[in-house]
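Reading the structure
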Amino acid sequence: MSGREGARALVARLEREGNALAEVLVKRGRTRRCELGPGGPVSVLTEEAGWAVRAGGGDGSFFACGSGAPPLDAARPRASGPALRLPDAQPVPAWAPSPALEAPLAVEGEARGLILGLARELGRQLAGARVLHAVLDDGASETVLVSSRGIDCGFASRLASLRVEAVVDGQPETRSTVEVVARGAHLLRPQALVRRLADVLAVRSAGSSPVRERGEMVLAPAVGARLLAALVPLWLGPEAAVLAAALSDRHDRLGSSELSLVDDGRLAGGALESPVDGEGVPTRRLVLVEEGRYLQPLVDWRQAAQGTWKPVGCVRRAGWREVPEPGISHLHVVPDPEVAPADLVSSVARGFYLLDAVGTPRVDPGADRFALEVCGFGLVQGRARSPLARGWLCGGIGALLRGVRAVGRDLTFLPAGGMVGAPTLLLTGLEIRRAL
Amino acid sequence: MPFVDLETGGIARCLAQIADRPDDHVEAFFEVATQESARGVCGRMTSESRTEKGLAVRLVRGGESWLASSDGISPEIFGRAVARVARARPGAVAPSPRPLSAGDVDAASGEDLETFAVAVEAAIASRHASFPVHWDLRRHRRWSRTLGSLLAPEQQHESYYSCVARTSWTSWGTLLLALDAAAAESVAQSLTRSFRAQRAPAPPAGPIDVVLGPAAAAVFLHEAVAHALETDTLGLAGDPEAALGVRLAADGLDVVDNPAGAPAGVRRSVDDEGLPTVRRWLLRTGVVEQPLADLRAASRSERLVPGAARRSSRHLAPVPRSTHLELLPGAASNEHLMADCGAGLLVGELSRGSLDPLSGRVELHFPWARRLEGGRLAGLTGPGRLEGVVADLLGNLRGIGAEAAPGGAGWCAKGGHRLAVWASAPALWISGFGAGS
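Residues numbered from 1 in each chain as written. Chains lettered and ligands numbered in written order. Predicted model: local features only at pLDDT ≥ 70, side-chain atom pairs only at ≥ 80, totals over all residues. Heavy atoms only, no water.

**Focus: the overall build of chain B**
Threshold: Secondary structure elements follow DSSP: runs of H or I no shorter than four residues count as helices, runs of E no shorter than two count as strands, and numbering proceeds from the N terminus. Every radius of gyration here is taken over C-alpha atoms, with the globule rule written as 2.2 Å times N^0.38, N being the number of residues. Relative accessibility thresholds used throughout: buried, under 20% of the residue-type maximum; exposed, over 50%; partly exposed, between the two (1.4 Å probe, protein chains only). When checking whether two residues touch, look at their non-hydrogen atoms; a contact exists if any pair is within 4.5 Å. Computed with the Shrake-Rupley method and a 1.4 Å probe, the accessible areas treat only the protein chains shown as cover for residues.
For chain B, the count of helices and strands is nine helices and 23 strands. Whereas a compact globule of 437 residues would reach a radius of gyration of roughly 22 Å, chain B reaches 23 Å, a difference of no more than 12%. Put simply, chain B has 437 residues, and 59% of those count as buried. Relative to all contacts within chain B whose residues are 6 or more apart in sequence, the contacts with residues 24 or more apart total 72%. For chain B, the accessible area works out to roughly 16,600 Å², and carbon and sulfur atoms hold 52% of it.

Right, here's the structure in full:
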């Protein structure tokens with residue numbers, strides 16, 4: 001029995017068992033992993049197969065999942081949860097699967113060569129730099145979703161990630177990690193990752209930390225995306241609108257006119273590009289902030305009823321073991337195709353070019369404060385003058401969003417519970433501090 | 001008992017085909033794991049069940065290893081995994097073992113989970129407190145068996161509970177061996193203290209003496225001793241063997257990893273590479289005696305002893321980790337420790353911790369603490385953070401309590417493995433922590 005036939009048979013069985021609503025997900029996947037660490041290289045090939053069921057009705061519901069094919073006769077958990085609601089089937093706009101889906105997984109030799117090659121290249125680009133740990137994952141999966149509300153769909157996914165942790169010998173404080181994601185290992189750009197890692201290690205090795213300085217800030221995509229990811233409570237779910245309103249100015253503006261923000265589950269070429277979400281609801285592009293004005297939060301069809309917002313297919317499943325929940329897919333700042341990142345850097349009279357985040361952002365929307373430890377360069381008349389080993393970029397969240405003066409064209413995504421993307425950003429109104 | 005009837009001889013013959021060099025290590029890992037959970041608010045908790053089974057075959061040769069894993073158990077899946085890790089096609093192919101399957105495990109209802117949540121809320125109410133809690137209670141069970149080309153050790157089984165309570169001000173979690181009345185009282189006490197600590201003043205900042213209660217000492221030792229002495233951590237800085245004989249702590253500190261001495265339910269006689277676990281002295285009178293080593297590290301050293309390999313799932317290669325840490329008790333009663341400490345903080349529990357393996361800096365977060373003034377317990381403080389360099393902190397050990405308490409040290413997430421870790425520790429008095437909120 002195929003995955004789809006098995007899912008249909010299980011939905012029918014669950015209905016016969018007295019469940020008014022039933023939904024079955026069947027997923028199969030393969031992942032190639034190559035890892036380099038202190039113990040030596042590890043090559044892993046994984047075959048994954050799993051299923052998940054949500055069933056019940058107005059009186060209660062349950063969730064069950066397991067490995068292998070969905071079993072028709074398994075014991076079910078008690079339907080003790082809240083009433084279950086499932087979406088109706090909706091027409092799915094035409095969608096052409098990306099050619100990347102067809103690409104085979106990296107073979108062992110390719111994956112191993114890529115990891116060992118980047119370790120060599122990092123040492124060549126920066127004397128004393130060495131890789132502590134590197135992991136390449138290249139995976140593909142096929143998912144089938146069938147429900148008693150008429151949803152009967154299948155879709156494929158392809159995702160590769162490369163995560164590298166490195167240090168400059170004798171300087172443990174330089175330890176840095178860089179991660180990139182693409183739709184397949186063949187689309188990863190390991191040379192770019194090595195250059196970025198070498199730059200970060202170099203400034204963290206040779207730089208200083210100013211006590212307190214203000215000025216214009218140019219945020220590389222990695223820094224902007226980290227901040228955007230930390231601000232997800234402002235963009236996701238019904239409560240987000242309340243937080244955003246509290247941070248808006250007296251003209252009802254959350255951001256500057258340069259700031260537009262969207263989430264797009266169908267983003268062409270996006271790592272998580274898909275025609276439907278984890279419940280089979282069509283995905284689409286949704287504008288959350290338009291030229292500084294907050295339009296609405298990202299909400300699914302259940303949450304949309306709590307306000308006057310437009311729903312979108314945004315329910316995500318981290319895997320077949322996880323209960324589906326609303327989440328971001330490709331949340332990003334809209335880039336300006338006319339602006340080169342180098343132009344933003346050269347426009348700064350005095351300030352900083354922040355290359356990467358060093359730690360986890362601290363964000364307190366209630367107090368309108370944020371802080372993120374960063375590294376980069378001090379800028380004078382558009383030129384890099386002094387490396388910044390680490391310092392806290394801090395200020396108000398509202399000031400951050402309204403301080404965006406220009407955005408570049410180099411939109412880059414990072415994995416952060418979904419994909420979060422930003423181009424290079426030019427900001428004012430923030431400061432760098434040595435300590436909080 | 002899913003793996004008692006495995007045809008170990010057939011599996012060993014298949015594995016032997018691909019371990020064709022004298023120093024090769026090959027193993028087959030079979031796993032069945034279940035999780036019953038109840039999530040939500042009391043009276044309306046969603047029952048969830050997760051059941052999975054699968055296998056992995058791994059070959060370790062020299063400094064490299066190859067792993068093939070799958071979400072199923074059958075002769076065909078096993079044969080495919082063997083072929084994938086083989087470095088060359090075997091000349092004579094032994095038949096795949098038959099029969100090869102996992103036996104059934106009994107289903108648990110999950111009703112005891114919701115009953116526990118009700119008991120905790122009643123215990124909170126008895127403390128004259130009340131607040132909404134969103135519960136995530138899970139019963140975790142795993143059966144595993146690791147077979148090699150020469151060894152067929154016994155099946156391992158673990159069973160325990162995790163409890164996460166989400167409130168308007170925090171997300172609090174713990175691991176439990178049983179959902180009994182004592183556990184309900186303990187969870188209620190922690191949550192009530194955390195609730196009251198919201199309005200408490202911030203903890204003092206700067207260098208401070210700290211008495212870590214047994215639960216907090218367990219987390220501290222996991223970060224500062226266990227992680228620091230894992231061979232993959234030591235390997236980041238060079239040769240793990242170089243740690244042997246190094247003084248890491250003050251004289252009185254004896255720390256043992258003893259998987260076979262863990263409480264029933266999480267006791268291990270065999271590690272996840274199929275090797276016998278050992279009672280391992282990590283620190284004897286403050287000196288490193290035997291780091292936590294897996295087979296790969298031990299194969300490169302004559303002085304490192306394997307038997308500490310763990311894996312959170314068949315899909316990941318084993319790594320060296322602690323299972324059950326024991327801090328040998330000292331002579332001081334908890335009252336004496338606090339009296340001798342004089343001024344400082346009593347930290348009863350830690351919500352999380354981390355170790356920077358290169359700098360040796362450890363950072364610990366607590367949900368609440370009590371001030372110590374004149375050697376006596378004073379007011380409650382709000383949440384805060386402790387930090388310092390491991391070698392400095394362990395060198396600043398001032399006293400060890402006489403009463404060790406067993407418990408969960410929490411989830412360890414290092415290296416992508418999510419592992420439950422356990423400990424038995426008395427209170428510790430350490431000076432020179434950096435404190436802050």
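From this point, things continue past the structure.
**Some remarks on the pattern of salt bridges**
Residue and element names in this part refer to chain A. As a reminder of what qualifies: Here, a salt bridge means any Lys or Arg side-chain nitrogen found within 4 Å of an Asp or Glu carboxyl oxygen.
Enumeration over the complete set of coordinates arrives at 58 salt bridges over all chains. Residue Asp73 pairs with Arg13 through a salt bridge whose shortest N-O separation is 2.5 Å. With Asp73 in the loop between strand 3 (61-67) and helix 2 (108-125) and Arg13 in helix 1 (residues 3-16), this residue pair connects regions lying 60 residues apart in the sequence. Since its relative accessible area comes to 64%, Asp73 is described here as exposed.

**Observations concerning the domain arrangement of chain B**
Many descriptions give the size of an interface as the accessible area lost when the pieces come together. All names here are of chain B. The condition is simple: The domain boundaries here were taken from an automatic or database domain assignment. As used here, buried area is the combined drop in accessible area, with a 1.4 Å probe, of two parts when they are placed together.
What the domain assignment reports for chain B is domain 1 (8-197) and domain 2 (206-436). Computed over C-alpha atoms, the centres of domain 1 and domain 2 are 23 Å apart. Each side of the interface is counted separately: domain 1 has 39 residues, and domain 2 has 37 residues. Carbon and sulfur atoms make up 55% of the surface buried where domain 1 meets domain 2, a total of about 3,000 Å² over both sides. For domain 1, the biggest contributors to the area lost against domain 2 are Gln156, Leu175 and Leu177; these three give 19% of the whole. Where domain 1 meets domain 2, there are seven salt bridges.

**Topic: the interface of chain B and chain A**
Opposite the 40 residues of chain B that make contact, chain A presents 42 residues. For the chain B and chain A pair, buried surface summed over both sides reaches about 3,400 Å², with 42% attributable to carbon and sulfur atoms. Broken down residue by residue, the surface that chain B buries against chain A is led by Arg44, Asp71 and Leu358 of chain B, which jointly contribute 18%. Run the count over chain B and chain A and you get seven salt bridges.

**Some thoughts on the packing of aromatic side chains**
Residue and element names in this part refer to chain B. What counts here: Between 30 and 60 degrees the pair is tilted, below 30 it is stacked and above 60 it is edge-to-face, where a pair is any two Phe, Tyr or Trp rings, Trp via its six-membered ring, whose centres lie within 6.5 Å. Charges are assigned to positions over rings by a cutoff of 6 Å between ring centre and Lys NZ or Arg CZ, combined with an angular limit of 35 degrees from the ring normal.
Scanning the model with the defined rule gives nine aromatic pairs over all chains in all. A centroid spacing of 6.0 Å and a plane angle of 50° characterise the contact between Phe3 and Phe30, whose relative ring orientation is tilted. Of the two residues, Phe3 sits in the segment before helix 1 (8-18) while Phe30 sits in strand 1 (residues 25-41), which places them 27 residues apart along the sequence. It is Arg284 that lies over the ring of Trp281; its NZ or CZ is 4.0 Å from the centre.

**Digging into the environment of Val211 of chain A**
Residues and elements named next belong to chain A. Turning to its location among the elements, Val211 is positioned in the loop between helix 3 (190-206) and strand 7 (212-219). In this structure, the C-alpha to C-alpha distance between Val211 and Gly391, residues 180 residues apart in sequence, is 8.4 Å. Each residue touching Val211, except ones within four places of it in the same chain, is listed here: Ile432, Arg433 and Arg434.

**Comments concerning the packing of helix 2 of chain A against helix 3 of chain A**
All names here are of chain A. Heads up, the rule is: Comment: axis = line fitted to C-alpha atoms, over the contacting stretch for helices; angle = value between 0 and 180 degrees taken between N-to-C directions. Working rule for handedness: look at the near helix, and if it is turned counterclockwise from the far one by less than a right angle, call the crossing left-handed; if clockwise, right-handed. For this scheme, ten residues count as nonpolar: Ala, Val, Leu, Ile, Met, Phe, Trp, Tyr, Cys and Pro. Four count as charged, namely Asp, Glu, Lys and Arg, and the remainder, Gly too, count as polar.
Their axes nearest at 10 Å, the elements helix 2 and helix 3 cross at an angle of 40°. Note on packing geometry: the crossing formed by helix 2 with helix 3 is right-handed. Facing helix 2, whose interface residues are Leu114, Leu118, Glu121, Leu122 and Gln125, helix 3 presents Pro190, Val194, Arg195, Leu197, Ala198 and Leu201. Residue composition of the contact of helix 2 with helix 3, grouped by class: eight nonpolar, one polar and two charged.

**Details of helix 5 (residues 238-247) of chain A**
Since the α-helix turns once every 3.6 residues, residues separated by three or four places project in the same direction. The set of residues buried in helix 5 of chain A consists of Pro238, Ala240, Ala244 and Leu247 of chain A. Of the surrounding secondary structure, the elements contacted by the buried residues of helix 5 of chain A are strand 10 (293-294) and helix 7 (397-402) of chain A.

**Things to note about the sheet that holds strand 19 (residues 412-415) of chain A**
Test applied: Criterion used throughout: strands pair if DSSP finds at least two bridges between them.
A sheet is described by the order of its strands in space; here six strands give the open sequence 10-9-8-13-20-19 (chain A), paired in mixed fashion. Among the strands making up the open sheet, the edge pair consists of strand 10 and strand 19 of chain A.

**A look at the layout of surface pockets**
All names here are of chain A. As a reminder of what qualifies: Only protein atoms enter the 1 Å grid used here, on which a cavity is any set of points holding a 1.4 Å probe that cannot leave and a pocket is any open set flanked by protein within 12 Å on both sides along at least five of seven lines; residues with an atom within 4 Å of a point are listed as lining. Grid points are joined across faces, edges and corners, and a volume is the space filled by probe spheres set on the points.
Approximately 960 Å³ is the volume found for the second largest pocket. In terms of lining, the second largest pocket is formed by 33 residues, of which the most central are Val180, Arg189, Ala192, Arg196 and Thr412. Taken together, the elements giving at least two residues each to the lining of the second largest pocket come down to strand 6 (171-182), helix 3, helix 4 (221-230), strand 14 (350-357) and strand 19. The biggest single contributor to the lining of the second largest pocket is helix 3, with six residues. For the lining of the second largest pocket, the residue count by class is 21 nonpolar, five polar and seven charged. Both of domain 1 (3-206) and domain 2 (212-433) provide at least three residues apiece to the lining of the second largest pocket.

**Let's talk about the packing of helix 3 (residues 111-125) of chain B against helix 4 (residues 181-197) of chain B**
Residues and elements named next belong to chain B. Quick reminder of the rule: Angles below 35 degrees are treated as roughly parallel, those above 145 as roughly antiparallel, those between 65 and 115 as roughly perpendicular, and all remaining angles as oblique.
Two numbers describe how helix 3 lies on helix 4: the axes approach to 8 Å, and their chain directions differ by 55°. Taken together, the axis directions place helix 3 and helix 4 in an arrangement best described as oblique. Helix-helix and strand crossings are classified by hand; for helix 3 and helix 4 the assignment is right-handed. Of the residues in helix 4, those touching helix 3 at Phe116, Ala119, Val120, Ala123 and Ile124 are Ala183, Ala184, Glu185, Val187, Ala188, Leu191 and Thr192. For the contact of helix 3 with helix 4, the class distribution of residues is 10 nonpolar, one polar and one charged.

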